[in-house]
Amino acid sequence: MTPMQPSTPNRALLQPATPVVVEADAVADAADRRAGVRTRAARPDELDAVLARFEATWGVGRGPDHGMLQALEHAGNTLLIAVDDRVSDASAAPALGATLGFLGWSGGLHVHSHMNAVDPVARGRGIGVALKLRQRAICLAHGIDEMRWTYDPLIRRNAHLNLVRLGAEVAAFRPDFYGVLGDAISGDDHSDRFEVRWRLDSPRTTRALAGRPVPEWRAEGGLALVADYEQVRASDFPLASRLRAASRAAFALLSDDAGLRVELDSVGDYVFTRDDPDREA
């Protein structure tokens, strides 16, 4: 039997350079320039740097090991890295950010964007957004028009990033989705999550990426968020637990009424609405 040759990207699987694909590449390139990075697929010799970035964020042993990253990269999943654009020697560029996504088909073909980590000293530059936009461009180039991921619904900055800046939508509330994580971020907190879906070529996404105003959603309930839930959790865990319990009671309305959706209003609080997610302001 002839040994298998090392895998190379299968260009035959890529979609033609349609206007949507060209636009997605341009949007990702512009995000790179704003953040001062290059986002691209991680090379096999960079897997240790990716692993180190994940472990620095969530703790050692709280994510995939080197062998799992090797398998995911070999299979062609979106294992991406962000390196400083000012470093000309790519081999010497530190991993300022990294993201991992893999193919899923439950409820329709999509890429599940599982991990997105940025070096704390480089936060605020838009590196996390740049990585997400590069993932979007790669997905569209391969004919995948939806991404999904989860986030803690009590963290306001993540809610704004996902629902407003990117234009993703809340698809479901998942109480204790990961069990007790005990990692460097969550500690003993419940791992409640919103699952979001990002329709990569929807009117909503186009509106968000263009920076157009978010509609004034017609509310039928909602939930006010504290400015920094992570700081509350670190300094006053009993209060954080009460906020978590209150959020669970509020989100129960979503499962009781299939017509209600979650959006973020202009002051950064959740509203429950029946409005079309694609409508303009």
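### Quick word on the overall build of the protein chain
Secondary structure summary: the protein chain contains eight helices and 10 strands in total. Compactness check: the protein chain gives a C-alpha radius of gyration of 19 Å against a globular reference of 19 Å for 281 residues, within 12% of the reference. A principal-axis box enclosing the C-alpha atoms of the protein chain has dimensions of 60 × 45 × 40 Å. Looking at the protein chain as a whole, 46% of its 281 residues are labelled buried. Contacts in the protein chain between residues at least 24 apart in sequence constitute 68% of all its contacts with a sequence separation of at least 6.

### Examining the side chain of Asp269
Here Asp269 shows up in the loop between β9 (261-264) and β10 (270-273). Judged by relative accessible area, Asp269 falls into the buried class, the value being 17%. Of the polar contacts made by the side chain of Asp269, one reaches the side chain of Arg156; its length is 2.8 Å. Leaving out residues up to four positions away in the same chain, Asp269 has contacts with Arg156, Leu223, Ala224, Leu225, Glu263 and Leu264.

### Remarks on unusual backbone geometry
Positive phi values are uncommon outside glycine, yet Asp176 reaches one of about 45°. Mapped onto the secondary structure, Asp176 falls in the loop between β6 (169-174) and β7 (193-199).

### Section: empty space enclosed by the protein
What the rule picks out here adds up to one cavity of 30 Å³ or more. Volume-wise, the largest cavity comes out at about 40 Å³. Taken together, Leu51, Phe54, Glu55, Trp58, Gly59, Gly61, Arg62, Gly63, Pro64 and Met115 form the lining of the largest cavity. Broken down by element, the lining of the largest cavity gets its largest block of residues, four residues, from helix α2 (residues 47-58).

### What to know about the sheet that holds strand β8 (residues 219-223)
Sheet architecture is open: three strands sit in the order β8-β10-β9, paired in antiparallel fashion. Across the chains shown, the open sheet's two edge strands, defined by having one partner strand only, are β8 and β9. On average, adjacent strands in this sheet sit at an angle of 35° to one another, irrespective of strand direction. Pairing geometry for β8 and β10, over three bridges, is antiparallel. Paired with Ala219 across the bridge in β10 is Thr273. Running at roughly 105° to β9, helix α5 (residues 156-166) makes contact with β9 and β10 of the sheet.

### Notes on the nonpolar core
Core analysis: the largest hydrophobic core is formed by 52 residues, its most contacted members being Ile127, Phe194 and Tyr270. Other than its neighbours up to four places away in sequence, Phe194 contacts Trp149, Thr150, Tyr151, Pro153, Val170, Ala172, Phe173, Phe251, Leu254, Val262 and Tyr270. The next biggest cluster of nonpolar side chains, apart from the first, holds 16 residues, and it includes Ala42, Leu47, Leu51 and Ala117.

### With respect to the environment of Ala24
Along the chain, Ala24 falls in helix α1 (residues 19-35). Distance in space between the C-alpha atoms of Ala24 and Leu140 is 7.7 Å, their sequence separation being 116 residues. In this view, Ala24 contacts Arg136, Ala137 and Leu140; residues no more than four positions away in its chain are not counted.

### Section: the pattern of salt bridges
Pairs can form between side chains of opposite charge once their charged atoms are near each other. For the structure shown, the criterion picks out 28 salt bridges. With a shortest N-O distance of 2.6 Å, Glu146 and Arg148 are connected by a salt bridge. Each member of the pair, Glu146 as well as Arg148, carries the same accessibility label: buried. Overlapping salt bridges, with partners in common, bring together Arg40, Arg43, Asp45 and Glu46 in one network.

### Description of the confidence of the model for the protein chain
Per-residue confidence for the protein chain gives a mean pLDDT of 89, with 90% of residues at or over 70. Averaged pLDDT values for the elements of the protein chain fall to 90 in α2 and rise to 98 in strand β5 (residues 146-151). Low pLDDT, under 50, characterises residues 1-12; the stretch is placed with one contact to residues that sit more than four places away or in other chains.

So, how was this worked out
Residues numbered from 1 in each chain as written. Predicted model: local features only at pLDDT ≥ 70, side-chain atom pairs only at ≥ 80, totals over all residues. Heavy atoms only, no water. Helix = DSSP H or I, 4+ residues; strand = E, 2+ residues; numbered from the N terminus. Rg over C-alpha atoms; globule rule 2.2 N^0.38 Å. Buried < 20%, exposed > 50% of the residue type's maximum accessible area, 1.4 Å probe, protein only. Contact = heavy atoms within 4.5 Å. Polar contact = N/O pair within 3.5 Å; in protein donor to acceptor, adjacent residues only side chain to side chain. 1 Å grid on protein atoms, 1.4 Å probe; cavity = no way out; pocket = protein on both sides within 12 Å on 5 of 7 lines; lining within 4 Å. Points joined across faces, edges and corners; volume = space filled by probe spheres on them. Pairing = 2+ DSSP bridges. Axes fitted to C-alpha atoms, helices over the stretch in contact; angles between N-to-C directions. Core = buried A, V, L, I, M, F, W, Y, C linked by side-chain atoms within 4.5 Å. Salt bridge = Lys/Arg side-chain N within 4 Å of Asp/Glu carboxyl O. pLDDT = per-residue confidence, 0-100.

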